[in-house]
Amino acid sequence: MTKQLFNSGWRFALKNIGDKPSAGDYRPVDIPHDWLIHNTHSLYADGDGYYKKIFTAGEVEGRVYILRFDGVYMDSEVLLNGEKIFEWKYGYTTFDVPLEGLRNGENEIIVRVRYQSPNSRWYSGAGIYRNIWLRKTGESYILADGTYVVFRPDGDVWRTEIDTEINALKFGSVRHILLDSDGKAVASSEAGFERCTQKVSQSFNVAQPHLWSVDDPYLYTLRTELIINGECADVRQERIGYRTIGFDSAEGFFLNGVNLKLNGACMHHDLGALGSAVNRAATKRQLAILKDMGVNAIRTSHNPPSVEFMELCDEMGILVDSEGFDMWELKKNDYDYHRFFPEWHERDARSWVRRDRNHPSIIMWSIGNEIYDTHASPRGTEITKELARCVRIDDYKNAHPVTIGSNYMRWDPAQKGAKYLDIIGYNYTEDIYDEHHAKHPKWIIYGSETASTVQSRGVYHFPAKVFTTNYDDGQCSSLLNCATGWGAPSPEYNITEDRNRKFSLGQFIWTGFDYIGEPTPYHSKNSFFGHIDTAGFPKDTY
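Residues numbered from 1 in each chain as written. Predicted model: local features only at pLDDT ≥ 70, side-chain atom pairs only at ≥ 80, totals over all residues. Heavy atoms only, no water.

Caption draft 1: Quick peek at helix α2 (residues 307-316). With respect to burial, α2 is a largely interior element, seven of its ten residues being buried. For α2, every residue scored as buried is listed here: Glu308, Phe309, Met310, Leu312, Cys313, Asp314 and Met316. Looking at the buried residues of α2, the elements they touch are α1 (280-293), β22 (297-299), β23 (319-323), α3 (341-356) and β24 (362-369). Just beyond α2, the residue with positive phi is Gly317, at close to 75°. (Buried < 20%, exposed > 50% of the residue type's maximum accessible area, 1.4 Å probe, protein only. Helix = DSSP H or I, 4+ residues; strand = E, 2+ residues; numbered from the N terminus. Contact = heavy atoms within 4.5 Å.)

In structure tokens:
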């Protein structure tokens, strides 16, 4: 049983859509890789990217080889020794590829990635932009993302319930060991199972655990071992945090029983000049700057985040409203995910939830952002119900509530879907909070997207009382005399509107950082919405 990073040794060729590369087209490439960022004059050019790797496998008989792709944007297929063995459509969810047909000795893997524009309202990047892993096990193993951990506090004693999904061809047992931050074992449990068992459920108690919080993000390590014939056949380790989350329609959000306002920010996944290729250090720098600003929560607009992002939020004490989709069946762009949603949404929802359900930073699952189906499609309510069901397949103990970020809550069609949600997110509709709180006192309300104030760092257009979005320099004034038609008049407006409503969980301002794409109100490369620019330098409102 081994797990190794599989990023080295790849070669890359970029072709027009439909064309195939010759052997001479390939060049060495570093993974993670975003091929679009290398030409900033053509950030949305169509193309087929081909990644090829030759690697040598050891003995394959009685062994299971699985490739994990943390993220490939988008519409990808995997070939092993010339034969297509897998495909995956969504660009933001993690997927596992069983290498069936692997040969002893040398093997060739090719990953074809198709980028067709327009497919997003922001810059997505293109390619294998997150990490690749190779996992090798015996025929009995723990399934990927196969542990599900839920805490049941009773006074000072916390019952830790763990379900473990396995593929076991023989009798055996599952052993869990809980380690503190110093590596000392503080609790353990072992349960036997019959042959061909698929899930093993067990629990242990922890007295007065060190709680995880935004100010003290203490993490334990859960080690899970699959024991066959007295030997460890497979092992998984993940970090977990003991904490409770609570949501009240009158009192707001609670972490470990303490009332806490969500001072949140929305964040796209690009890293400015680095593009979308995941970089742990750059992500950590962004999160540290945001936390210094006072941010305690992030909404991953509008897609599942990277593994590194989630690990860092656990480590740094940042709460996460994890978002799944920006569109359902009705398109926002010709080549976006709406093409694949009917067939693929359950697989993608399950991948999204399974991978991240044990992170202490996760507090909500958002099934969509500004989804037009909820306003204009007769299937809007039905799909809302369906996606809530998909989330509950893998978060079946309701450890985290299901929400949505909606700019359509003024109207009846979107309100009809609210009965299938646990929490209602409002985009740019602070003016109806009081009305809806009075009309629907059991609804739990928060600002899933607010602000949209625009400014350029160090730019001031006078006179300050004159509002305009038509300056020759193509910049937005930091005197708040440059604004969008839907945004707030000032950051102070959003602060007071939320502060004065105890029932609101809090808000997520648009956005923490500037990002590539959506260059409102000018036609430049990046947005002006951030309180920090793409280089990481704070603006005046920071």
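That shown, we press on.
Caption draft 2: Focus on the pattern of salt bridges. Under the counting rule described, the total for this entry stands at 46 salt bridges. Linking Asp326 and Lys332 is a salt bridge whose minimum nitrogen-to-oxygen distance equals 3.2 Å. Taking relative accessible area as the criterion, Asp326 reaches 2% and is therefore assigned buried. The closest approach of N and O atoms between Arg350 and Asp394, which form a salt bridge, is 2.7 Å. Of this pair, Arg350 sits in helix α3 while Asp394 sits in helix α5 (residues 380-394), and the two are 44 residues apart along the sequence. (Salt bridge = Lys/Arg side-chain N within 4 Å of Asp/Glu carboxyl O.)

Caption draft 3: How the structure looks around the packing of aromatic side chains. Under the counting rule described, the total for this entry stands at 36 aromatic pairs. When the ring of Tyr337 is compared with that of Phe341, the centres are 6.1 Å apart and the planes differ by 85°; the resulting orientation is edge-to-face. Since its relative accessible area comes to 1%, Phe341 is described here as buried. Between Tyr372 and Tyr408, the ring centres sit 6.1 Å apart and the planes meet at 50°, which makes this aromatic pair tilted. Here the residue Tyr372 occupies a position in the loop between β24 and α4 (373-376), and Tyr408 occupies one in the loop between β25 (402-406) and α6 (412-416), the gap between them amounting to 36 residues. With a relative accessible area of 40%, Tyr372 lands in the partly exposed category. Members of the aromatic cluster, joined through ring pairs, are Tyr73, Tyr90, Tyr92, Tyr115, Phe325, Trp328, Tyr337, Phe341, Trp352 and Trp365. The positively charged end of Lys53 is found above the aromatic ring belonging to Phe6, 3.5 Å away from the centroid. (Phe/Tyr/Trp six-rings, centres within 6.5 Å; stacked < 30°, edge-to-face > 60°. Lys NZ or Arg CZ within 6 Å of the ring centre and 35° of its normal.)

Caption draft 4: Seen up close, the pairing of strand β12 (residues 157-167). Within β12, eight of the eleven residues are buried, leaving the element largely enclosed by the surrounding structure. What sits between the antiparallel neighbours strand β11 (residues 141-154) and β12 is a turn of two residues, in which Gly155 has the positive phi angle 70°. As paired elements, β12 and strand β15 (residues 199-207) share nine bridges and run antiparallel to each other. Residue pairing for β15: Thr160 is matched across the bridge by Phe204. (Pairing = 2+ DSSP bridges.)

Caption draft 5: The arrangement of helix α8 (residues 491-499) in detail. Looking at α8, one finds that the buried residues are Pro491, Asn494, Glu497 and Asp498. What you see down the axis of α8 is that its buried residues fit within an arc of 135°, all on one side. The elements touched by buried residues of α8 are β27 (445-451) and β28 (506-510). (Arc of directions from axis to C-beta.)

Caption draft 6: Spatial organisation of the pairing of strand β26 (residues 424-427). Of the two faces of β26, the one lined by Ile424 and Tyr426 and the one lined by Gly425 and Asn427 are each fully buried. The pairing of β25 with β26 spans two bridges and is classified as parallel. Looking at the pairing, Gly405 lines up with Gly425 of β26. Two strands pair when backbone bridges link them, and β26 and β27 are joined in this way by four bridges, in the parallel orientation. Residue pairing for β27: Ile424 is matched across the bridge by Ile445. You can see the chain leave β26, run along helix α7 (residues 433-439) and come back into β27, and the turn it takes is right-handed. (Right-handed = clockwise from strand over helix to strand, strands pointing away.)

Caption draft 7: Structural view of the packing of α1 against α2. Viewed as axis vectors pointing N to C, α1 and α2 meet at an angle of 40°, and their least axial separation amounts to 10 Å. Taken together, the axis directions place α1 and α2 in an arrangement best described as oblique. Crossing of α1 against α2: the hand is right-handed. The segment α1 lies against α2, with Arg280, Thr283, Lys284, Leu287, Ala288 and Lys291 engaging Glu308, Phe309, Glu311, Leu312, Cys313, Glu315 and Met316. When its residues are assigned to classes, the contact of α1 with α2 shows six nonpolar, one polar and six charged. (Axes fitted to C-alpha atoms, helices over the stretch in contact; angles between N-to-C directions. Parallel < 35°, antiparallel > 145°, perpendicular 65-115°, else oblique. Left-handed = near helix turned anticlockwise from the far one by under 90°. Nonpolar A, V, L, I, M, F, W, Y, C, P; charged D, E, K, R; others polar.)

Caption draft 8: Focus on unusual backbone geometry. Cis geometry is found at the peptide bond from Ile31 to Pro32, where omega equals 5°. Secondary-structure assignment places Pro32 in the loop between β3 (27-28) and β4 (47-57). The amide bond that connects Phe462 to the next residue, Pro463, takes the cis arrangement and shows omega of 0°. Within the chain, Asp145 stands out as a residue other than glycine whose phi angle is a positive 55°. The residue Asp145 is located in strand β11 in this model.

Caption draft 9: Molecular detail of the environment of Gly9. One can find Gly9 in the loop between β1 (2-5) and β2 (11-15). Sequence separation of Gly9 and Phe55 is 46 residues, and the distance between their C-alpha atoms is 8.3 Å. Excluding its chain neighbours within four sequence positions, the residues that come into contact with Gly9 are Lys52 and Lys53.

Caption draft 10: A look at the sheet that holds β4. What the six strands build is an open sheet, ordered β3-β2-β4-β9-β6-β7; its pairing is antiparallel. Single-partner strands in this sheet number two, and they are β3 and β7 (83-88). Across five bridges, strand β6 (residues 76-80) lies against β7 in antiparallel orientation. Bridge assignment links Leu80 to a residue of β7, and that residue is Glu83.

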